[in-house]
Amino acid sequence: MEYRRSVGILTGLIILLAIITSGYGLLSGHGPEAARRSESFTSIWGDKVELYGSGIYKHDSVSAAAQAIAQDGVTLVLGVPLLVVSLVMSFRGRVRGRLLLAGALGYFTYTYASYSFLSMYNQLFLIYVMLFSASLFAFILTLLSLEREKVERYFKHSLPATSIGVFLLFTAFMIMMLWLGRLASSLREETAPVGLEHYSTLVIQALDLAIVVPLTAITGVLLIRRRPYGYLLASVVIVKAAALLTSITAMIIGMLRAGVSVSTVELVAFPAFHLGVIVCLYLVLSNVQESG
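Just so we're clear, the structure is a prediction, and the values are computed from it rather than from any experiment.

1. Re the nonpolar core
Then step 1. With 80 residues, the main nonpolar core has Phe 155 and Ile 238 as its most contacted residues.
Then step 2. Those elements giving two or more residues to this core turn out to be helix 1 (2-27), helix 2 (62-91), helix 3 (95-118), helix 4 (125-145), helix 6 (161-189), helix 7 (203-224), helix 8 (228-257) and helix 9 (264-286).
Then step 3. In terms of residues, this core owes the most to one element, helix 8, which gives 15 residues.
Then step 4. Discounting residues that sit within four places of it in the chain, Phe 155 has contacts with Leu 99, Tyr 231, Ser 235, Val 284, Asn 287, Val 288 and Gln 289.

Laid out in structure tokens, this is it:
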């Protein structure tokens, strides 16, 4: 009961603040006239960077702003409703609701960690930090509320755990190789990596290589071995990945519309992962048994 009350308060705060930040991100000075106000900026690496020049993301690059706007749209249209629905289901004692809620909170934690550390400073900074903090602690409390010894009984024996585990291992490996491939020439030639632009470091790649890749790989191994934590983490990782990859797909579309080049590997890999994760999400949720 204590977990439920705390998670409910934190999730309500997240929903309110996410509507404010994503709504403001979508509406603050964006439109056809925004591109005309863009300006060039020379980074400390000597690279020319086009700044967006309008709205809350005016000091971000055209590429980063296009991605942020796309993610704001996904958060508002998909993320917030997912939080609301999963919270209601969780309060009604539904196992699917608790698993969806944990995954949704994982998405919000990752999203607003990246906004807090990556986006150029703007008027919403403190709200980004509040969203990051509230999402992180609500995520932890939700995981603690799921009893380890009962998690395995939440799922039917028909769940293709080995197949899903292998897919997660493959995904972790591909993401690792994708980011290491981007860094290889930079480290060898001591130049700025592709995509750094005028930012200080590669925040997304750091988060993925330090947290997402190891967590996804560990989850895959535990799931193949049918360990209780494997079932729990698989639900969280897959729900979070489905929401995040929806954002990434929207980001790619936004970048292409803004005239930003996207590598062929990313153009093919991320939509393919997105499709695979959606299939895994269906398999996981369809094999949940509410009786536990």
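Alright, that's what it looks like, and here's the rest.
2. Section: the pairing of strand 1 (residues 39-42)
Then step 1. By the bridge criterion, four bridges tie strand 1 to strand 2 (residues 48-51) in an arrangement that is antiparallel. What sits directly across from Thr 42, in strand 2, is Lys 48.
Then step 2. As consecutive antiparallel partners, strand 1 and strand 2 are separated by five residues, and within that stretch Gly 46 has a phi angle of approximately 85°, a positive value.

3. Digging into the packing of aromatic side chains
Then step 1. Using the criterion set out here, one finds ten aromatic pairs in the structure.
Then step 2. Measuring from ring centre to ring centre gives 5.2 Å for Tyr 112 and Tyr 115, while their planes differ by 50°; the resulting arrangement is tilted. Taken together, the residues Tyr 112 and Tyr 115, both in helix 3 and three residues apart, mark about one turn of the helix. Across this residue pair, the class does not change: Tyr 112 and Tyr 115 are buried.

4. A look at unusual backbone geometry
Then step 1. Phi is positive for Glu 190, which is not a glycine, with a value near 55°.
Then step 2. Mapped onto the elements of the fold, Glu 190 is located in the loop between helix 6 and helix 7.
Then step 3. Residue classification places Glu 190 among the exposed residues on the basis of a relative accessible area of 70%.
Then step 4. A positive phi is found at Arg 226, a non-glycine position, where the angle reads about 55°.
Then step 5. Judged by its relative accessible area of 33%, Arg 226 falls in the partly exposed class.

5. Quick word on helix 7
An α-helical turn contains 3.6 residues, so any two residues separated by three or four positions project in the same direction.
Then step 1. The first and last C-alpha atoms of helix 7 sit 31 Å apart over 22 residues, in line with the 32 Å expected at 1.5 Å per residue.
Then step 2. Its axis deflected by about 40° at Leu 209, helix 7 carries its strongest bend there.
Then step 3. Among the residues of helix 7, Val 203, Gln 205, Leu 207, Asp 208, Val 212, Val 213, Thr 216, Thr 219, Gly 220 and Leu 223 are the ones counted as buried.
Then step 4. Two residues or fewer past helix 7, Arg 226 is found with a positive phi of approximately 55°.

6. Quick look at the environment of Phe 167
Then step 1. Summarising the element assignment, Phe 167 is placed in helix 6.
Then step 2. Through-space distance from the C-alpha of Phe 167 to that of Ile 204 is 22 Å; in sequence the pair is 37 residues apart.
Then step 3. Leaving out residues up to four positions away in the same chain, Phe 167 has contacts with Phe 273, Gly 276, Val 277 and Cys 280.

7. Section: the packing of helix 3 against helix 7
Then step 1. One way to put it is that helix 3 packs onto helix 7 with a least axis distance of 10 Å and a crossing angle of 140°. Between helix 3 and helix 7, the angle is such that the two are oblique. Between helix 3 and helix 7 lies a crossing of right-handed hand. The segment helix 3 lies against helix 7, with Tyr 110, Ser 114, Phe 117 and Leu 118 engaging Val 203, Ile 204, Leu 207, Asp 208 and Val 212.

8. Here's the deal with the packing of helix 2 against helix 8
For any two helices packed against each other, the geometry is given by the interaxial angle and the distance between the axes.
Then step 1. Axis separation between helix 2 and helix 8 bottoms out at 8 Å; the angle between their running directions is 140°. Here helix 8 runs oblique to helix 2, going by the angle between their axes. Helix 8 is crossed by helix 2, and the crossing has right-handed handedness. Side by side, helix 2 and helix 8 meet where Ser 63, Ala 66, Gln 67, Ala 70, Gln 71, Val 74, Leu 78 and Leu 82 of the first sit next to Val 239, Ala 243, Leu 244, Thr 246, Ser 247, Ala 250, Met 251, Gly 254 and Met 255 of the second.
Then step 2. In terms of residue class, the contact of helix 2 with helix 8 is built from eleven nonpolar, six polar and no charged.

9. Observations concerning a nonpolar patch on the surface
Then step 1. Side chains of Phe 170, Phe 173, Met 174, Met 177 and Leu 180 sit close together on the surface and give an oily, nonpolar patch of about 460 Å² of accessible area.
Then step 2. Along the polypeptide, Leu 180 turns up in helix 6.

10. A few points about the side chain of Thr 216
Then step 1. Mapped onto the elements of the fold, Thr 216 is located in helix 7.
Then step 2. Using a relative accessible area of 8% as the deciding quantity, one classes Thr 216 as buried.
Then step 3. If near-sequence neighbours (up to four positions away) are discounted, Thr 216 is found in contact with Leu 168, Ala 172 and Val 237.

11. Details of helix 2
Then step 1. With 30 residues, helix 2 should cover 44 Å at 1.5 Å per step; its first-to-last C-alpha distance of 42 Å lies within 8% of that length.
Then step 2. The largest bend along helix 2 measures about 40° and falls at Thr 75.
Then step 3. Following helix 2 by one or two positions, Gly 93 adopts a phi angle in the positive range, close to 85°.

Rules used in this analysis
Residues numbered from 1 in each chain as written. Predicted model: local features only at pLDDT ≥ 70, side-chain atom pairs only at ≥ 80, totals over all residues. Heavy atoms only, no water. Core = buried A, V, L, I, M, F, W, Y, C linked by side-chain atoms within 4.5 Å. Buried < 20%, exposed > 50% of the residue type's maximum accessible area, 1.4 Å probe, protein only. Helix = DSSP H or I, 4+ residues; strand = E, 2+ residues; numbered from the N terminus. Contact = heavy atoms within 4.5 Å. Pairing = 2+ DSSP bridges. Phe/Tyr/Trp six-rings, centres within 6.5 Å; stacked < 30°, edge-to-face > 60°. Expected span 1.5 Å × (residues − 1). Bend = angle between axes of the 7 residues up to and from the residue. Axes fitted to C-alpha atoms, helices over the stretch in contact; angles between N-to-C directions. Parallel < 35°, antiparallel > 145°, perpendicular 65-115°, else oblique. Left-handed = near helix turned anticlockwise from the far one by under 90°. Nonpolar A, V, L, I, M, F, W, Y, C, P; charged D, E, K, R; others polar. Patch = residues over 30% accessible without salt bridge, like charges linked within 9 Å, V, L, I, M, F, W, Y side chains within 5 Å. Areas by Shrake-Rupley, 256 points an atom, 1.4 Å probe, with all protein chains shown as cover. Salt bridge = Lys/Arg side-chain N within 4 Å of Asp/Glu carboxyl O.

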